[in-house]
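Chain by chain, the residues:
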Amino acid sequence: MSVGRKWNAGLNEWVKASPYNRFVMSTIEANAIEARAKFEAVIGLEVHVQLLTESKIFCSCSTQFGVPPNTNVCPVCLGMPGALPVLNRRAVEFATLAAMALNCQINETSIFARKNYFYPDLPKGYQISQYDKPLAEHGFIEVRAEGAKKKIGITRVHMEEDAGKSLHDGFPDSSNKTAIDLNRTGVPLIEIVSDPDIASADEAYEYLTLLKEIILYTGVSDCNMEEGSLRCDANVSVRPKGQKEFGTKAEIKNVNSFRFIREAIEYEIGRQVELIEAGGKVVQETRLYNSDEGKTYSMRSKEQAHDYRYFPEPDLLPLVVDEKWQSKIRKNLPELPEARRARFVSEYGITEQDAGVLTQSRGLADQFEAAAKAAKNPKRVANLVQGELAGRLKGKGIEIEDSPVTMAGVAMSADLVESGTISGKMLKDLYDLAFERGKDFPAVYEEEGRPQQSSDTSALEKIIDEVIAGNPKQVEQYRAGKTTLIGFFVGQVMKMSKGQANPGIVNELLRKKLA
Ligand SMILES: [Zn+2]
């Protein structure tokens, strides 16, 4: 998306330079748009998610991230001859739970298989994965595409072990040597393969966002992209609209953010259309995305499944997750984001947009729900989150989970406004102080001496008398029938009370005195 924008911005400058440029430009752009319109994109995504188990999938080594290289290793994950894998029960439960959350059917029996290939950070010379009998199949995620709902199929969810990591920099001899860290070797992963149902870069982005949200809700992974807990490859092809057969696909590998994946797909669709329109042919290959340039580059020709010589892993029994075990795992399935959003809208009367923000993570949704239940008016809690909290968080670049004002604080502030104890202006000031001091609302409210808007009528009456005496012209007009001036008088009184007065009471007293 932004690739296109950057490109357009450059062109726009050039176009402005002369009428001739404008003529050429309109031709180029029209041709590109016309070419693009003749084709449709077919996109499938493969997402690797690291499971949050304490130990690895086939040995008892720790999965802890960030420890010194090659310390979380043993004969099994180093691939020593004769060392035997033992399957981690918790990894199976996590994988099954994730598959259930993605609406998959769980296969009672699945088979581990060896995927053979040589790579320096793969000491065994093969990876234990699943092939023709995966753990789960036939799932889906529902995304919003151009306003309507669309189901993106999930072909399969299978279990596998991770490989190690090649380190190309950070060491004194990094210029001519590559180091290998095998701490990650044998860390449990699930691979989630989508059907080729995705039709645009935006849909891919939406799918990934929802997928991550769902996995986070299940708690089986932290989906931390910087630490490699979630990685995504995209298969992209194009075909003339109306054609049934797929075009040749290119695989974009190792893109480390959803934004870059969207850009890479957008670029790749354009590249393939241009290539075909110029009479060229797309070749099946693996490509890398360079986010600085906004372009993909050929890395190597893509292996076919038969290149890996898959065969059943002889050291592991078939994995059996029977009905009984499945129903035990299913009990841990939480209410998922989509269902929760719908319930928030109906139960708390908030907008779909508010519900979307408040269900971004399970922790936040839990907090909101607790606050809304405790507060007198749940809708006000939601409004304060959107109106007072969200803007201040954005201004300071803080995630809502790290907000100094917690949901409990929001609930308290909502009740204070609801009961008329504090005014909207006072609430804003207290939120400002909370963010300045990095403290929650109740603490700041205490520190400020539990301020209240004044409903002390004798003090208010004095101010009102002053305002009436000071504005004889307006009083005359008001009494002559221009009652809309009441707003002016309320404003004057509020100003003189420094925002402390209760506007409802001011209004009432003013009307009486002016009558
Ligand atoms: Zn190990």
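Since we're looking at a predicted model, the values are computed, not measured.

Let us now look at the sheet that holds strand S2 (residues 105-106). Taken together, nine strands build an open sheet; the order of strands is S2-S6-S7-S10-S1-S11-S12-S13-S14 and the sheet is mixed. Single-partner strands in this sheet number two, and they are S2 and strand S14 (295-301). This element, helix H3 (residues 89-101), spans S2, strand S6 (136-145), strand S7 (148-161) and strand S10 (188-194) of the sheet and lies at about 165° to S7.

It is worth spelling out the coordination of the zinc ion at this point. Only Cys-59 (SG), Cys-61 (SG), Cys-74 (SG) and Cys-77 (SG) from the protein reach the zinc ion as donors, at distances of 2.3 Å. The site at the zinc ion holds four donor atoms, and with the angles between them running 101 to 114°, its shape is tetrahedral. In primary sequence terms, the donor set of the zinc ion follows C-x1-C-x12-C-x2-C. With a gap of 16 residues between them, Cys-61 in the loop between strand S1 (39-50) and H3 and Cys-77 in the loop between S1 and H3 connect regions that are remote in the sequence. Like Cys-77, Cys-61 is buried.

Here the focus is the confidence of the model for the protein. In the predicted model, the protein carries a mean pLDDT of 87, and the fraction of residues at 70 or more is 93%. The low-confidence segment residues 1-7 (pLDDT under 50) makes nine contacts with residues lying over four places distant or belonging to another chain.

Tracing the backbone shows Ser-129 in strand S5 (residues 126-130). Not counting residues within four places of it along the chain, the set of residues in contact with Ser-129 comprises Ile-111, Phe-112, Ala-113, His-158, Met-159 and Glu-160.

Turning our attention to the sheet that holds S5. Backbone hydrogen bonds hold the strands of a sheet together, and the pairing may be parallel or antiparallel. With respect to topology, three strands assemble into an open sheet ordered S5-S4-S15, the strand pairing being antiparallel. On the outer flanks of this sheet lie S5 and strand S15 (311-312), each paired with one strand and no other. Sheet topology note: the strand S4 (residues 112-116)/S5 ladder contains five bridges and is antiparallel. Bridge pairing in S5 links Asn-116 to Tyr-126.

The next thing to look at is the side chain of His-158. Tracing the chain through its elements places His-158 in strand S7. By relative accessible area, His-158 is classed as buried at 4%. For His-158, the side chain forms a polar contact with the side chain of Ser-129, separated by 3.5 Å. Aside from chain neighbours lying at most four places away, what touches His-158 is Ser-129, Gln-130, Pro-134, Leu-135, Leu-189, Ile-190 and Glu-191.

Moving on, we get to the nonpolar core. Here is a general trend for soluble globular proteins: nonpolar side chains tend to be buried in one another's company. Residues Leu-45, Leu-102, Met-159, Ile-192, Tyr-207, Ile-265 and Phe-368 are the most contacted members of the largest nonpolar core, which totals 110 residues. Tyr-478, Leu-485, Ala-501 and Leu-514 belong to the second-largest nonpolar core, a separate cluster that totals 18 residues.

A few words now on the pattern of salt bridges. Tallied over the entire structure, the rule returns 40 salt bridges. Here Arg-184 makes a salt bridge to Asp-162, at a shortest N to O gap of 3.1 Å. Linking Arg-184 in the loop between strand S9 (179-181) and S10 with Asp-162 in the loop between S7 and strand S8 (165-167), this pair joins segments that are 22 residues apart in sequence. Note on Arg-184: relative accessible area 23%, which makes it partly exposed. Glu-251 is the partner of Lys-253 in a salt bridge, and the nearest nitrogen-oxygen pair spans 3.7 Å. Glu-251 gets classed as buried once you look at its relative accessible area, which sits at 2%. When salt bridges that share partners are traced, they join Glu-335, Arg-340, Arg-343, Glu-347, Asp-366, Glu-369 and Lys-373 into one network.

Definitions and limits used
Residues numbered from 1 in each chain as written. Predicted model: local features only at pLDDT ≥ 70, side-chain atom pairs only at ≥ 80, totals over all residues. Heavy atoms only, no water. Pairing = 2+ DSSP bridges. Helix = DSSP H or I, 4+ residues; strand = E, 2+ residues; numbered from the N terminus. Contact = heavy atoms within 4.5 Å. Axes fitted to C-alpha atoms, helices over the stretch in contact; angles between N-to-C directions. Donors = N, O, S within 2.8 Å, 3.2 Å for Na, K, Ca; no water. Tetrahedral: all angles 85-135°; square planar, octahedral: opposite > 155°, others 65-115°. Buried < 20%, exposed > 50% of the residue type's maximum accessible area, 1.4 Å probe, protein only. pLDDT = per-residue confidence, 0-100. Polar contact = N/O pair within 3.5 Å; in protein donor to acceptor, adjacent residues only side chain to side chain. Core = buried A, V, L, I, M, F, W, Y, C linked by side-chain atoms within 4.5 Å. Salt bridge = Lys/Arg side-chain N within 4 Å of Asp/Glu carboxyl O.

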